[in-house]
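# What the coordinates show
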Amino acid sequence: MKKIIILLIVLPLVFSQAAKAEQINTKLLGRIVLQVEDKGQAWYIDPVRGQRAYLGRPSDAFRVMREFGLGITEKDFEKFNKNLPDKLWGRILMRVEARGEAYYVSPLDKKLYFLGRPSDAFRVMRELGLGIRNDDLQKVQIMNQYQEAKPEVKNNTETIKQDVGIDPVFTSLVDVYKVEKVVDGDTLDVIIDGAVERLRIIGMDTPEVVDPRQGVDCFGPEASRRAKELLTNSYVRLEKDASQDERDKYGRLLRHVFLVSGKNFATEMINEGFAREYTYKVASKYQNEYKLAEQNAKVAKNGMWAEGACDNFVKPEDRIEKISSSTGLEIYDIFFNGNQGVLEPDEYVEIKNNGASINMENYTLQDKSGKTFRFPIFPLSSNASVKVFTGCGTNTNRELYWCYKSSAIWNNTGDTAELRDAGDKILTSYSY
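Residues numbered from 1 in each chain as written. Predicted model: local features only at pLDDT ≥ 70, side-chain atom pairs only at ≥ 80, totals over all residues. Heavy atoms only, no water.

### Observations concerning the overall build of the protein
Each helix and strand counted, the protein has nine helices and 26 strands in total. Out of the 432 residues in the protein, the part that is buried amounts to 49%. The contacts in the protein between residues at least 6 apart in sequence include a share of 58% that link residues at least 24 apart. (Helix = DSSP H or I, 4+ residues; strand = E, 2+ residues; numbered from the N terminus. Buried < 20%, exposed > 50% of the residue type's maximum accessible area, 1.4 Å probe, protein only. Contact = heavy atoms within 4.5 Å.)

### Some points on the pairing of strand β14 (residues 253–258)
The two faces of the sheet receive side chains in turn, since in a regular strand these alternate between them. Along β14, six of the six residues are buried, which leaves the element largely enclosed by surrounding structure. With three bridges connecting them, strand β11 (residues 195–201) and β14 associate as parallel partners. Within the sheet, the bridge partner assigned to Leu199 lies in β14 and is Leu253. Across three bridges, the pairing between strand β13 (residues 235–239) and β14 is antiparallel. Residue Glu239 lies in a different strand from β14, and its bridge partner there is His256. (Pairing = 2+ DSSP bridges.)

### With respect to the pattern of salt bridges
All told, the structure shown has 20 salt bridges when counted by the stated rule. Residue Glu229 is joined to Arg226 by a salt bridge in which the shortest nitrogen-to-oxygen separation is 3.0 Å. With Glu229 and Arg226 both in helix α7 (residues 220–231) and three residues apart, the pair spans about one turn of that helix. Salt-bridge contacts for Asp248 lead to Arg252; the nearest nitrogen and oxygen are separated by 2.7 Å. Ionic contacts of the salt-bridge type, sharing partners, join the residues Arg133, Asp136 and Lys139 into one network. (Salt bridge = Lys/Arg side-chain N within 4 Å of Asp/Glu carboxyl O.)

### Considering unusual backbone geometry
At Lys281, a residue that is not glycine, the phi angle is positive and equals roughly 65°. Tracing the backbone shows Lys281 in the loop between β15 (276–277) and α9 (287–300). For Asp424, which is not glycine, the phi torsion reads 70° and is therefore positive. Mapped onto the elements of the fold, Asp424 is located in the loop between β25 (416–420) and β26 (426–431).

### Examining the side chain of Asp184
If you trace the backbone, Asp184 turns up in strand β9 (residues 176–184). Of the polar contacts made by the side chain of Asp184, one reaches the backbone nitrogen of Asp186; its length is 3.1 Å. Side-chain polar atoms of Asp184 contact the backbone nitrogen of Thr187, separated by 2.9 Å. (Polar contact = N/O pair within 3.5 Å; in protein donor to acceptor, adjacent residues only side chain to side chain.)

### Description of the environment of Leu128
Along the chain, Leu128 turns up in helix α4 (residues 118–128). Judged by its relative accessible area of 10%, Leu128 falls in the buried class. Distance from Leu128 to Leu108, taken between C-alpha atoms, is 7.9 Å for residues 20 residues apart in sequence. With sequence-adjacent residues up to four places away left out, Leu128 is seen in contact with Arg31, Ile32, Tyr104, Ser106 and Tyr113.

In C-alpha cells, the structure reads:
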C-alpha cells in the first residue's frame, strides 16, 4: 500500500516536469538563446529536432547557420519575402538557385536576417539572442556534433616552448595561441579553444592587400609578406586592451599580439616601415609606443617611408592581362579577395560566352600552380556567363562549384587563370 501511495505522489511530479520541459522546448524552438548565468554562451534551438547547437564564435555561428539550412527556390524566396508561413519561423533558409545565400527567420519579429559571412551570423546571434537560465537550458538536449567547445588543458607549456623557442617572458600558455593563417599585415586567424578565430590587431594599420572595396595599396603586398615571415606556423600571445571593444564591427576579435620572442608585433611592423600607428576612436594602451616607432621609421626612411618607395607602384587591377578566344569564351573576372574563412570558398572565376552556344563538358579551369577544375556536362548559351566558385554548393546553369578543400586557390598578390578545351588547348587566360 505504501508503494502505491509513493508512486501516486512521484508520478505526477515526473509527468509535471516532463510537461514543463516540453513546454519550454516549444517556446524556444528556432530561438537563439544566451546563458545569462554563465559566460553568455549562445545556442541555436533547432525547430525540427528540438535540440540545441553551440554558437561560441563567428566561425561556429556561421557553420551552424549554414549546415542547418533549408534549400528554397528563388520563386519561394520572393514569396516568403512577402509572407512567411508559420512553419518557417526559426528556420534557416538557403537560396539554392542563387549563390547559396543563407537567411535566419527570426520567430521574434518574423523577419529574414542575412547570414552572408561569419561576422553577419555572429551579429544576428548577439542581437536576437534571448537570455536563458542554466536550469532551463539544461532541459534542452545538446546535439553531439554541436557541443560547447571546452578549453584545452594547457599542461604542455614547456614542450611547446621548446618546440617553437618561446621566450621565458611567456610564463604561461593561457594567452598563447597557434597562428592558423596570416590574412594580411594587420589581420590573422588564430586557433582558440580548437576553433579558428579571425583577429584584427589593435593600434596598427598596414596598406591594403585583400579589401575588395579598396584593392591593393602601395606596400600592401610587402607588409603582408613581412607579417607572414614573422607569424606563419608560429605561436603568439594575445593581450586584451580595456580601452578597446572586444570585437570590431566585422565581428573580428581585437587584441594586441606578441611574438614568441616576447616582442610586440605591431611595434616591429611599424619600426620596419610596414605599418602605421592607427587610433580608432580611443587611443590604445600602446599608442605612444607605436607613434614613437612610426617617427623612428620615418627618420630612418624604412619601408614605405623610403624615398620613391611608391613611385613605380601599379595596382594589380591595372596589370590585368586577358587573352581572347576564337570560341568567344572569355574569363571576364576573378574575385580573389575572399571573406569566408581560411579556404575562401566565396572566391570565383566568371566566364562569359560572347560567341555561339557551346557545351563545356571536360573543359578545364586551372590556376598558375596547376589546380584544375573539370567542367561537367554544361551548355553555356550565347551571351550568358557562369561563375565557378572555389567552395562547395549546388550547381546551377549560372554557378558551378569547384569544392576545393585543401586551400584557397586564387592568390591575392597575383595569379593566372587558364581556360582549356577538352583537348587541353588554352582558349583564354586572365592574369592579375
